[in-house]
2 protein chains.
Amino acid sequence: MAGLQLPIALDAMGGDKAPESVIQGARLMLKQYPQLRFQFYGREPVIAPLIARHRALAAASDIIHADDVVAMDEKPSVALRTGRKSSMRLALDAVADGRACACVSAGNTGALMATAKFALKTLPGIYRPAITATVPSKSQPVVLLDMGANIDCTSDNLVQFAMMGDAYARAMLGLTNPKIGLLNVGSEDMKGHDEVKDAHKVLRSGSIPVNYYGFVEGNDILEGTTDVVVTDGFTGNIALKTAEGASRLIYGALKEAYSSSTMAKLGYLLARPAIRIALRRFDPRKLNGAILLGLNGIAVKSHGGADAKSFANAIRVAMQLVEQDVNAKITEELKRAGAGQTPYLAQVL
Amino acid sequence: MAGLQLPIALDAMGGDKAPESVIQGARLMLKQYPQLRFQFYGREPVIAPLIARHRALAAASDIIHADDVVAMDEKPSVALRTGRKSSMRLALDAVADGRACACVSAGNTGALMATAKFALKTLPGIYRPAITATVPSKSQPVVLLDMGANIDCTSDNLVQFAMMGDAYARAMLGLTNPKIGLLNVGSEDMKGHDEVKDAHKVLRSGSIPVNYYGFVEGNDILEGTTDVVVTDGFTGNIALKTAEGASRLIYGALKEAYSSSTMAKLGYLLARPAIRIALRRFDPRKLNGAILLGLNGIAVKSHGGADAKSFANAIRVAMQLVEQDVNAKITEELKRAGAGQTPYLAQVL
């Protein structure tokens, strides 16, 4: 991998606040990391004047014109078929062709997944890529996968997610031996459906070189019981969104409380600095940037509603994954688990 | 159904704080509802003196000796096979035999489910019972099922859960036409696995007499987008526990913030009354009591760690389900959906 000598390809048109959020996000990152180079993919007449306003950014960037934009509500299959000249597709092609080290897009999630799988292909030996995100916990951030790329997962998929999550936690969180948990409805061996029980058998057998903790439950995710939580895309997506819903519910109730009386308002003013510090690590902008892990190239998905600061963080995730060469780590894991020896379950029965 | 003329059967030995929490919980309820009658199942030498201390409670109660207690970590199959004289089993038998109108237990969840299914059987036409809980939301409480009784669910199971959830919301929340949502990873028809897509087809077809809203996502649960959220027991259990984890994480961070400086402490003191009012509806004690819905009799599960106030709420849930005759409502729903016409999916294809 050529690493950060290559520019990062940005889908300048994807996301609710694009292209402004993308351009400003890149600008924020360039200030911190002047060695970065960018490629902006999108409608040149729109983005060129916006970029030209920022001298340093303009000097560090190329603009590649793309006629089409994938709509936020377009079906993935349609985007894949008809969007061959979309900003998203061209940005991914640049990674596939070795002209960029990573791609970041805040566009349509389904379309990005489908297009990235098609353009980048999976890493040798990987069955399915997984959307991998980082969530806050009591102690340090927790890696969660799959967040929605795979609705149905076999036990072998889950076992590979454990290895991919392990590699990701090493690359992104700098952990030397991350603890891996498998999400289930209880901690006893007999609990859960066949896929989690079989994956548990494989991971527990020691044949996979990860630090396997065992089953974890929903509450364990944000308690930080393990560094990585592995689950299928259906459950992972719902768990993450439910947690978001819970925090919004509590924040909303507290906000109402703080403004419900003069006393409460005054109390809030006094406690505010401390509250801000305490809640800082839950700032969704700092957690923005999920990778489609398991592909032969780095493709990072930013939240569709991302602002500049938030999009900058998605670029940071891409940068770190390139620097830490996460894909080499995944390939390494697969080798250590015995190349060509899948399916894993058959090995431990 | 004979209703509340019959006593409520209480498993006096189930739960971490039993028998004290059970006895005190019953006492709290009796104060509010002097017409209630109780049967306490458990070790008479232990519970009789505790009950005798409270004259009104003693007068309203019978004590039925049970030699055995189901351990909190006992396997459901073992509890079912060997626990024929357990306090849990005898309490459920009383409901099955028409000697009690409902049973409440804070004991081993798996054992209670297995024993209740065996002792009470399912309502005619119901394939599978579902653990049904109530969670807070932005507006009013939301009914959530299944919370873990069924790890794998067919589309027909989900369709029946929709009807059961509808009956429960009418009985417990007094709604005349509850909105029913089906939990999924997106709101488009093409999203999700086959079971949710098929259940969606059936519910959308209008052949089932519920007010079907469509797919909802994880964040919709606590936003109160619908009055009822239907899902399989694997996803439901994980979603609920993840939400609990999220709230604990935020509460923990805020608690730390409030005690981090003198200013913050003072601020908390000033805002505390308002905060308490705002968070009151999230009090887990007020939400305690999940029913195993779809059985031919009322069996309510209290949280294992319930204190007296919390256990009292589980009794209140049982009482309300008896008064509102939730099982008659479920039977009615099944009839309106066309008795004997299952499987539902075949009808709409």
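Here the structure is a predicted model, which is why all the values come from computation and not from measurement. (Residues numbered from 1 in each chain as written. Chains lettered and ligands numbered in written order. Predicted model: local features only at pLDDT ≥ 70, side-chain atom pairs only at ≥ 80, totals over all residues.)

Now for the overall build of chain A. The helix and strand inventory of chain A stands at 14 helices and 11 strands. The globule rule puts the C-alpha radius of gyration for 349 residues at 20 Å, and the 21 Å found for chain A is close to it. Across its three principal directions, the C-alpha atoms of chain A cover 60 × 60 × 35 Å. A buried classification covers 55% of the 349 residues belonging to chain A. Intrachain contacts of chain A at a sequence separation of at least 6 include 74% that bridge at least 24 residues. (Helix = DSSP H or I, 4+ residues; strand = E, 2+ residues; numbered from the N terminus. Rg over C-alpha atoms; globule rule 2.2 N^0.38 Å. Buried ≥ 20, exposed ≤ 12 C-beta atoms within 10 Å, placed from the backbone. Contact = placed C-beta atoms within 7 Å.)

This brings us to the relation of the copies chain B and chain A. Take chain B, turn it by 180°, move it 0.0 Å along the axis, and it overlays chain A with an RMSD of 0.0 Å. What we have between these two chains is a two-fold relation. Ranked by how close their C-alpha atoms come to the rotation axis, the residues of chain B are headed by Gly267(B), at 1.8 Å. Mapped onto chain A, 100% of the interface residues of chain B again fall at the interface, so both copies present the same surface. (Least-squares fit on C-alpha atoms with pLDDT ≥ 70 in both.)

What follows concerns the interface of chain B and chain A. Residue-level contacts link 51 residues of chain B with 51 residues of chain A. Going through the elements one at a time, α9 (218–223), α10 (233–258) and α11 (262–280) of chain B are the ones with two or more residues in the side of chain B that touches chain A. If you tally residues by element for the side of chain B that touches chain A, the top one is α10(B), at 21 residues.

Residues and elements named next belong to chain A. For helix α8 (residues 194–204), the full list of buried residues reads Val196, Asp198, Ala199, His200, Val202 and Leu203. Where α8 is buried, its residues contact α7 (155–173), β7 (179–183), β8 (211–216) and α14 (344–348). Note on α8: the residue one or two positions beyond its end, Gly206, has a positive phi of about 85°.

This paragraph deals with the environment of Tyr251(B). All names here are of chain B. Turning to its location among the elements, Tyr251 is positioned in helix α10. Among the residues examined, Tyr251 registers 13 C-beta atoms within 10 Å and is labelled partly exposed. Once the C-alpha coordinates of Tyr251 and Ile23 are considered, the two residues, 228 residues apart in sequence, prove to be 31 Å apart.

Attention now moves to the confidence of the model for chain A. Looking at chain A as a whole, its pLDDT mean stands at 92, while 98% of the residues score no less than 70. In the predicted assembly, ipTM is 0.90 and pTM is 0.91. (pLDDT = per-residue confidence, 0-100.)

What follows concerns unusual backbone geometry. Here the amide bond leading from Ala18(B) into Pro19(B) is cis, since omega sits at 0°, within 30 degrees of zero. You can see Pro19(B) is positioned in the loop between β1 (8–11) and α1 (20–32). In the Ramachandran plot, Asp325(A) falls in the positive-phi region, its phi being about 50° despite a non-glycine side chain. In this fold, Asp325(A) is placed in the loop between α12 (308–323) and α13 (326–336). Its 16 C-beta neighbours within 10 Å are what place Asp325(A) among the partly exposed residues.

Turning to the packing of helix α11 (residues 262–279) of chain A against α11(B), a few remarks are in order. Closest axis-to-axis distance for the α11(A)/α11(B) pair is 7 Å, and the angle between their directions is 145°. Here the hand of the crossing between α11(A) and α11(B) comes out left-handed. Residues Met263(A), Ala264(A), Leu266(A), Gly267(A), Tyr268(A), Leu269(A), Leu270(A), Ala271(A) and Ala274(A) of α11(A) form the contact with α11(B), whose participating residues are Met263(B), Ala264(B), Leu266(B), Gly267(B), Tyr268(B), Leu269(B), Leu270(B), Ala271(B) and Ala274(B). (Axes fitted to C-alpha atoms, helices over the stretch in contact; angles between N-to-C directions. Left-handed = near helix turned anticlockwise from the far one by under 90°.)

Moving on, we get to the sheet that holds β7(A). Residue and element names in this part refer to chain A. What the 11 strands build is an open sheet, ordered β3-β2-β1-β4-β11-β10-β5-β6-β9-β7-β8; its pairing is mixed. In the strand order of this sheet, the two ends are held by β3 (61–65) and β8, each with one partner. For this sheet the average axis-to-axis angle between neighbouring strands, irrespective of direction, equals 25°. Direction of pairing for β7 relative to strand β9 (residues 228–230): parallel, over a ladder of 3 bridges. Note that in β9 the partner of Gly181 across the bridge is Val229. (Pairing = 2+ DSSP bridges.)

Residues and elements named next belong to chain B. Strand order in this open sheet of 11 strands is β3-β2-β1-β4-β11-β10-β5-β6-β9-β7-β8, and the pairing throughout is mixed. A single partner strand is all that each edge strand has here, and the edge strands are β3 (61–65) and β8 (211–216). Between one strand axis and the next, the sheet turns by 25° as a mean value, whatever way the strands run. As defined by bridge partners, β1 adjoins strand β4 (residues 102–105) across 3 bridges and the pair is classed as parallel. Residue pairing for β4: Ile8 is matched across the bridge by Ala102.

The next point concerns the packing of helix α5 (residues 87–96) of chain A against helix α6 (residues 109–120) of chain A. Residue and element names in this part refer to chain A. The interhelical angle for the contact between α5 and α6, taken along N-to-C directions, is 35°, at an axis separation of 9 Å. Crossing handedness for the pair α5 and α6: right-handed. Here Met88, Arg89, Leu92, Asp93, Val95 and Ala96 of α5 come into contact with α6, specifically with Ala111, Leu112, Thr115, Ala116, Ala119 and Leu120. Along the lines of polarity and charge, the residues of the contact of α5 with α6 split into 9 nonpolar, 1 polar and 2 charged. (Nonpolar A, V, L, I, M, F, W, Y, C, P; charged D, E, K, R; others polar.)

This paragraph deals with the pairing of strand β4 (residues 102–105) of chain A. Residues and elements named next belong to chain A. Neither face of β4 is exposed, since Ala102 and Val104 on one face and Cys103 and Ser105 on the opposite face are all buried. Inspection of the sheet shows β4 paired to strand β11 (residues 298–301) by 4 bridges, in the parallel sense. In the sheet register, Ser105 faces β11, and the bridge partner there is Lys301.

Let's shift gears to the environment of Ser137(A). With respect to the helices and strands, the residue Ser137(A) is situated in the loop between β5 (130–135) and β6 (142–145). Considering only alpha carbons, one finds Ser137(A) and Asp227(A), 90 residues apart in sequence, at a separation of 9.5 Å. Excluding anything up to four places from it in sequence, Ser137(A) contacts Val142(A), Leu222(A), Glu223(A), Gly224(A) and Leu249(B).

What follows covers α13(A). Residues and elements named next belong to chain A. The set of residues buried in α13 consists of Val326, Asn327, Ile330, Glu333 and Leu334. Buried residues of α13, viewed axially, fall in a sector of 115°; they line one side. For α13, the exposed residues lying more than 90 degrees away from the buried face are Lys335 and Arg336. Contacts made by the buried residues of α13 are with α7 and α12. Gly338 lies just past α13 and shows a positive phi near 95°. (Arc of directions from axis to C-beta.)

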